[in-house]
Amino acid sequence: MTAPTPSARRPYPAALAAFGRGGTATVLLLLVLVFVVIATQNPSFFQGPPLMAFAKKAAPLVVLAVGQYLVIVSGEFDLSVGSLVGAQVVIAARLIDGEEGVTLPVIGLMLAFGLLVGLVNGLVTTLLKVPSIITTLGMMLVLFGAVRYWTGGAPTGSLSESFRVPGRGGIEDVPFLGQLPWAVLIALALTVVAVFLMRSPFGRSLMATGDNDVAAAFSGVRVQRTRTLAFVGSALMATVAAILIGGYAGVTAQVGQGLEFTAITAVVLGGVVLGGGRGTVVAAALGALTVEALFTLFNQLYLPSTIQPSVQGLIIIAAVAYAARRGELRLPGRLRRRPDHEPEPPLGTPRR
Amino acid sequence: MRIPRMLLAGTAGLTLMLSACTTDAPDDAAGGEGGGTGLTPDAEWFDPAEYEAQLAQREIEPEGPADEPWSQAIEPEWTDTAEFVHDSPEDATVCFSNASVSNPWRVTGFITMEQQVEALQEEGRIGDFRVSDAADDDNQQISDIQAFVDSGDCDAIIISPSTTATLTPAVETACESGVPVIVFDRGVNSDCMVTFIHPIGGYAYGADAAEFLVENLEPGSTVLALRILPGVDVLEHRWAAAQEIFGGSDLEVLGYEFTEGDGAKIKDLVSQHLQRGEVNGIWMDAGDGAVAALEAFEDAGRPYPVISGEDELSFMRTWDEEGLTAIAPVYSNFQWRTPVLAASMILAGEEVPAEWVLPQEPIRQDELQDYLDRNADMPSLHYAKFGGEDLPGFPEAWTDR
């Protein structure tokens, strides 16, 4: 196997060590493994164009996973992104309806709508103290229902050619690669932005909030504002993903369905700990690539689509268990397994 | 913990490798589920007698006015409805339990139905029209039907069942309440209703598409089948008919893929097949996302395949613009008019066919321009054979949806 097996004795650069600690090594190993199996099935996969086709397909999920990462690392969930992607594509199709001229205004409107949804998610979670899993579940249903109501059940209209450029087009005639898709460049750029964001004071606050929001608050982090901004970030990323997905394949009734769980799967596979405070952006992005690579692999293997979710589930559990065994995932205290013999408080004494 | 780590890594690797080995025969394994060549229809979904009957029905001249296909019937057996005659039909309440409007085909049909209701109300042939929508939930639809029965207000109940077996008892309950029951689109395992309205059916649809590919492709050409979901009878019948026809042809079926009608998934799956080799033909069990499949060819710089889509407009427009070799099999959308017409006939005591088989003709190249012209103002995701051109509200009701 080509993946580096870290040897315990040999000292290696600090950056590499940090790379390993974030869970990045496991997901990278899995990604390489999946790619190797794909290569045995389809040797032409690593010639430029098929690889770019794969990257183009995977780009929206990478963007979504980076958005989801922001929320998860702050200790929350965002279940509304799948519905938001669906809503945004349907809104775009209906408002544009094939007219080139309105493309940019509609994209602006979509970003504003994404901003609004993120803000509502964030404020309801932080100010009204509704757990985010409930807030965003509610938002998921609200968006789903509102879009169904607005369209009478299924989408109508069509996207303009220029709207579809980011998701479908690219720089043509690149040597070896063929077409270098815009979607890949956009996903790459957003990932880099997120990496720098996480190194900024805001990123540190976000991480601290997810690790322990009480301690973060005592040390001067404005927890509510930080979390709200994380939701806004996630919703904006979902909007970009919607532009890429709509561009990739046009508008269908099913667009966006189930994407929230695919995005969360990608983030978790990247070793980002649910509950917050641990994990890296790069690992989340690699997690997204791995999930897409698994989908591709299943298809290459002609695995019956009915069994695919089960195999996907097994691989995810195995990967996270593997990472936990390696000690890459240091669970925060409240998520760590309870001791076997927890002292039972005597009857009558109130629990803390 | 060294051993468990190695064990886990080993198991994961082994799982991947094993699954690679066991299904390592992409040339003859058609998708996997069926095993073998995959071109023998699954007995559960293939009724040879019904298949033959549907293929034969395609050739039979339907009774009724030729310019109103929604009033036509193939070999009708007329049933007497005098017992249901209503003294003042303009006050009669017609209730409709809809399975859902969760796809563009059903949205288009439901708009047509509402416009037909308006026309009949103006003529005083029916009164109030009540609708409940079960959003694809069997349990919801059972309670919707029960609520109609319990209210006692309905003078006729129209049901578009969500699934066949589960809804059968609910339909029987409605029949027992004594009001005339009309079932359309998907059927139920009962004949208690006054009339069951449907186009010829899934076998004819799948056969129209498969026969076109067989006729228009060289022997030895490769065909990829794109299916929406497994286990839905109307869709399984289409695939069973295609298997039957492909099985007796010289075409090579690469396999079938389930797409859930999701454009992104369709485009990705087709792109992957194109990376591995030639795809000369595409067979689809429903036209949703046909354009996404075609784009995969365009983006890969390959010649367009011979394709069977559906009478959905974005596909038909692409067909025209790109000069494709294509066919649009039709699952007659105009059937949504027929149940309310049947209700008005029953309330007037007129005879209706016990099984009302509507014509179902694919759109071929020679009719393409005609249907595109007729639907010039209609949006994408509209169905060309919606049959509502003569109804009040045309065209706004369909264009501003």
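The subject of this paragraph is the overall build of chain B. For chain B, the count of helices and strands is 13 helices and 13 strands. For 401 residues, the compact-globule estimate of 2.2 N^0.38 gives 21 Å, and the C-alpha radius of gyration of chain B, at 23 Å, lies within 12% of that figure. Oriented by its inertia axes, the alpha-carbon framework of chain B measures out at about 80 × 55 × 40 Å. The burial tally for chain B puts 54% of its 401 residues in the buried class. Of all intrachain contacts in chain B linking residues separated by at least 6 positions in sequence, the fraction that spans at least 24 positions is 75%.

Before going further, it helps to examine the overall build of chain A. When you go through chain A residue by residue, the secondary structure sums to 14 helices and two strands. Counting the 352 residues in chain A, one finds 54% classified as buried.

Quick look at the pairing of strand S9 (residues 281–284) of chain B now. Residues and elements named next belong to chain B. By the alternation rule, side chains of S9 split into Gly281 and Trp283 and Ile282 and Met284, which are all buried. Looking at chain direction, strand S7 (residues 222–227) and S9 are connected through four bridges and run parallel. Pairing of Ala225 across the sheet is with Trp283, part of S9. Between the parallel elements S9 and strand S10 (residues 306–308), the chain passes through helix H9 (residues 290–299) in a crossover that is right-handed.

What follows deals with unusual backbone geometry. Residues and elements named next belong to chain B. The amide bond that connects Phe394 to the next residue, Pro395, takes the cis arrangement and shows omega of 0 degrees. Mapped onto the elements of the fold, Pro395 is located in the loop between helix H12 (365–374) and helix H13 (396–399). The residue Asp136 is not glycine, and still its phi comes out positive at about 65 degrees. Take Asp136: it is sitting in the loop between strand S3 (129–133) and helix H4 (138–151).

Moving on, we come to the domain arrangement of chain B. All names here are of chain B. Each assigned domain of chain B is listed here: domain 1 (27–52 + 202–327) and domain 2 (65–201 + 332–360). The gap between the C-alpha centroids of domain 1 and domain 2 is 32 Å. On the side of domain 2, six residues touch domain 1, which itself brings seven residues to the contact. Mapped by element, the contributors of at least two residues to the side of domain 1 that touches domain 2 are helix H6 (202–216) and helix H7 (233–247). A class-by-class count of the residues in the side of domain 1 that touches domain 2 yields three nonpolar, two polar and two charged.

Moving on: helix H3 (residues 48–73) of chain A. Residues and elements named next belong to chain A. Maximum bend of H3: about 40 degrees, positioned at Ala58, with proline Pro60 one to four residues after it. Counting buried residues in H3 gives 23 out of 26 residues, a clear majority hidden from the surface. Among the residues trailing H3, Gly75 stands out with phi positive, at a value near 90 degrees.

The next subject is helix H4 (residues 81–96) of chain A. Between its first and last C-alpha, H4 of chain A extends 22 Å over 16 residues, near the 22 Å set by a 1.5 Å rise per residue. Looking at the residues trailing H4 of chain A, positive phi occurs at Asp97 of chain A, about 45 degrees.

Below, the discussion takes up the packing of H4 of chain A against helix H11 (residues 223–249) of chain A. All names here are of chain A. In contact at an axis separation of 8 Å, H4 and H11 are set at 50 degrees when each is read in the N-to-C sense. When the interaxial angle is binned, H4 and H11 end up oblique. In this structure, H4 meets H11 at a crossing whose hand is right-handed. Taking contact as the criterion, the partners of Val81, Leu84, Val85, Gln88, Val89 and Ala92 in H4 are, on H11, Ser234, Ala235, Ala238, Thr239, Ala241, Ala242, Ile245 and Gly246.

Turning our attention to the pairing of strand S4 (residues 156–160) of chain B. All names here are of chain B. Burial analysis of S4 places five of its five residues in the buried class, which makes it a mostly covered element. Residues Ala156, Ile158 and Ser160 of S4 are buried on one face, and the alternating residues Ile157 and Ile159, pointing to the opposite face, are buried as well. Direction of pairing for strand S2 (residues 94–98) relative to S4: parallel, over a ladder of five bridges. Across the sheet, Val94 pairs through a bridge with Ala156, a residue of S4. Pairing geometry for S4 and strand S5 (residues 181–184), over three bridges, is parallel. Looking at S5, one finds that Ile158 is bridged to Ile182. In this fold, S4 hands off to helix H5 (residues 164–176), which returns the chain to S5; that crossover is right-handed.

Moving on: the nonpolar core. Counting 227 residues, the largest nonpolar core has Val62, Val63, Ala65, Val66 and Ala284 of chain A together with Ile182 of chain B as its most contacted members. Per-element accounting of this core gives the leading share, 17 residues, to H3 of chain A. When residues of this core are sorted by domain, at least three fall in each of domain 1 (27–52 + 202–327) and domain 2 (65–201 + 332–360) of chain B. Not counting the four nearest positions on each side in its chain, Ala284 of chain A is found in contact with Ala65, Val66, Tyr69, Ala266, Val267, Gly270, Val272 and Gly279 of chain A.

Glancing now at the sheet that holds S4 of chain B. Residues and elements named next belong to chain B. Across the sheet, which stays open at both edges, the six strands sit in the order S3-S2-S4-S5-S6-S13 with parallel pairing between neighbours. Every other strand in the sheet has two partners, leaving S3 and strand S13 (355–358) as the edge strands with one partner each. Taking each pair of neighbouring strands and ignoring which way they run, the sheet shows an average axis angle of 15 degrees. Across three bridges, the pairing between S5 and strand S6 (residues 195–199) is parallel. The partner of Phe184 across the bridge, within S6, is Ile197.

All names here are of chain A. Interhelical geometry of helix H9 (residues 201–211) versus H11 gives an angle of 105 degrees and a closest axis separation of 10 Å. Considering the angle they form, H9 stands roughly perpendicular to H11. Residue-level inspection shows Ser205, Leu206 and Thr209 of H9 in contact with H11, the latter providing Val223, Thr226, Arg227 and Ala230. Class assignment for the residues of the contact of H9 with H11 results in three nonpolar, three polar and one charged.

Here we take up the sheet that holds strand S11 (residues 326–327) of chain B. Residues and elements named next belong to chain B. Sheet architecture is open: five strands sit in the order S8-S7-S9-S10-S11, paired in parallel fashion. For this open sheet the edge positions go to strand S8 (252–258) and S11, each flanked by a neighbour on one side alone. Direction of pairing for S10 relative to S11: parallel, over a ladder of two bridges. Paired with Ser308 across the two strands is Ile327, which belongs to S11. Sheet strands touched by H6: S7, S9, S10 and S11. Its angle to S10, the strand with the most contacts, is close to 170 degrees.

Low-pLDDT stretches of the model should not have their predicted coordinates read in fine detail. All names here are of chain B. Residues at a pLDDT of 70 or more form 91% of chain B, whose mean pLDDT is 88. Predicted confidence in chain B is weakest over helix H1 (residues 2–22), with a mean pLDDT of 50, and strongest over S10, with 97. Below a pLDDT of 50 lies the segment residues 18–37, which in the model reaches 32 contacts outside its immediate sequence neighbourhood of four places, other chains included. This complex was scored by the predictor with a pTM of 0.81 and an ipTM of 0.75.

Cut-offs used in this document
- Residues numbered from 1 in each chain as written.
- Chains lettered and ligands numbered in written order.
- Predicted model: local features only at pLDDT ≥ 70, side-chain atom pairs only at ≥ 80, totals over all residues.
- Helix = DSSP H or I, 4+ residues; strand = E, 2+ residues; numbered from the N terminus.
- Rg over C-alpha atoms; globule rule 2.2 N^0.38 Å.
- Buried ≥ 20, exposed ≤ 12 C-beta atoms within 10 Å, placed from the backbone.
- Contact = placed C-beta atoms within 7 Å.
- Pairing = 2+ DSSP bridges.
- Right-handed = clockwise from strand over helix to strand, strands pointing away.
- Domains from an automatic or database assignment.
- Nonpolar A, V, L, I, M, F, W, Y, C, P; charged D, E, K, R; others polar.
- Bend = angle between axes of the 7 residues up to and from the residue.
- Expected span 1.5 Å × (residues − 1).
- Axes fitted to C-alpha atoms, helices over the stretch in contact; angles between N-to-C directions.
- Parallel < 35°, antiparallel > 145°, perpendicular 65-115°, else oblique.
- Left-handed = near helix turned anticlockwise from the far one by under 90°.
- Core = buried A, V, L, I, M, F, W, Y, C linked by C-beta atoms within 7 Å.
- pLDDT = per-residue confidence, 0-100.

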